[in-house]
Amino acid sequence: MERVPNVPALLSRLRMRQIVLLLAIEERGTLRAAATQLNMTQSAASKMLHELELAIGQALFERVGRGLALTAAGECVMEYFRGMRGTVSSLARELEELRLGSAGKLFIGSIMAASPGHLTDALLRLKRTYPLLAVEISTGTSDLLIERLNEGRLDVVIGRMLTLSERHYVFRPIGDEALSIIAAVNHPLTRRKRITFDAL
């Protein structure tokens, strides 16, 4: 029965520099050219390649004239390492975008009253500045949204400040809210010119 390599042991023996060397050998065709590209001696590159082959348990290259050609095992390994190169490139791009503040995801909670006006205007300005930023919007009542904010499920909330217990957040008024009271035309309070909150 063929022995299956121990994955944790294999990962612990692989080094990123070895993977970079393997990609350079494939690109340049010779160990000497790959070593020059990586600013290392040929003997150091040869030793590193030998250690990589020991870790994998199979020869990855065979000599063809003055160059090196991938073995069947080498071709198999290279398929994964080529994919890793693309993944690392994508990671580097995404990290740089995050550093510049132009990517990532923002979770916003908003009460329905704010959604048509303030939120829409803010999102248009935000997307002009950070076009790669993904935004997810949740709507609900202020108490529910503050609860989600406390749980870390939201980054920012557009809502009403209900109590002073939220003072560990930065609260910034963004506008006045008009309130209307609807009552029957024959209600006793409709005959008054001024109505206090107590009366209401």
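Residues numbered from 1 in each chain as written. Predicted model: local features only at pLDDT ≥ 70, side-chain atom pairs only at ≥ 80, totals over all residues. Heavy atoms only, no water.

**Q** For this particular structure, what's the right way to read the overall build of the protein chain?
**A** A count of helices and strands for the protein chain gives 7 helices and 5 strands. For the protein chain, the sequential pattern of α-helices and β-strands runs α-α-α-α-β-β-α-β-α-β-α-β. Relative to its full complement of 200 residues, the protein chain shows a buried share of 24%. In the protein chain, 51% of the contacts between residues at least 6 apart in sequence involve partners at least 24 apart. Surface summary for the protein chain: the accessible area is close to 14900 Å², and the carbon and sulfur share equals 57%. (Helix = DSSP H or I, 4+ residues; strand = E, 2+ residues; numbered from the N terminus. Buried < 20%, exposed > 50% of the residue type's maximum accessible area, 1.4 Å probe, protein only. Contact = heavy atoms within 4.5 Å. Areas by Shrake-Rupley, 256 points an atom, 1.4 Å probe, with all protein chains shown as cover.)

**Q** Would you explain a nonpolar patch on the surface in this entry?
**A** Together, I181, I195, F197 and L200 line one region of the surface with nonpolar side chains, adding up to about 490 Å² of accessible area. With respect to the helices and strands, I181 occurs in the segment after β5 (156-158). Judged by its relative accessible area of 64%, I181 falls in the exposed class. (Patch = residues over 30% accessible without salt bridge, like charges linked within 9 Å, V, L, I, M, F, W, Y side chains within 5 Å. Salt bridge = Lys/Arg side-chain N within 4 Å of Asp/Glu carboxyl O.)

**Q** Explain the sheet that holds strand β3 (residues 105-110) to me, please; I cannot follow it from the model alone.
**A** Pairing between the strands of a sheet comes from backbone hydrogen bonds, and it takes one of two forms, parallel or antiparallel. Read across the sheet, 3 strands follow the order β4-β3-β5 without closing on themselves; strand pairing throughout is parallel. The sheet terminates laterally at β4 (134-139) and β5, the two strands that pair on one side only. Between one strand and the next, the sheet's axes are offset by a mean angle of 25 degrees, whatever the strand orientation. Across 6 bridges, the pairing between β3 and β4 is parallel. Looking across to β4, one finds that I108 is bridged to I137. (Pairing = 2+ DSSP bridges. Axes fitted to C-alpha atoms, helices over the stretch in contact; angles between N-to-C directions.)

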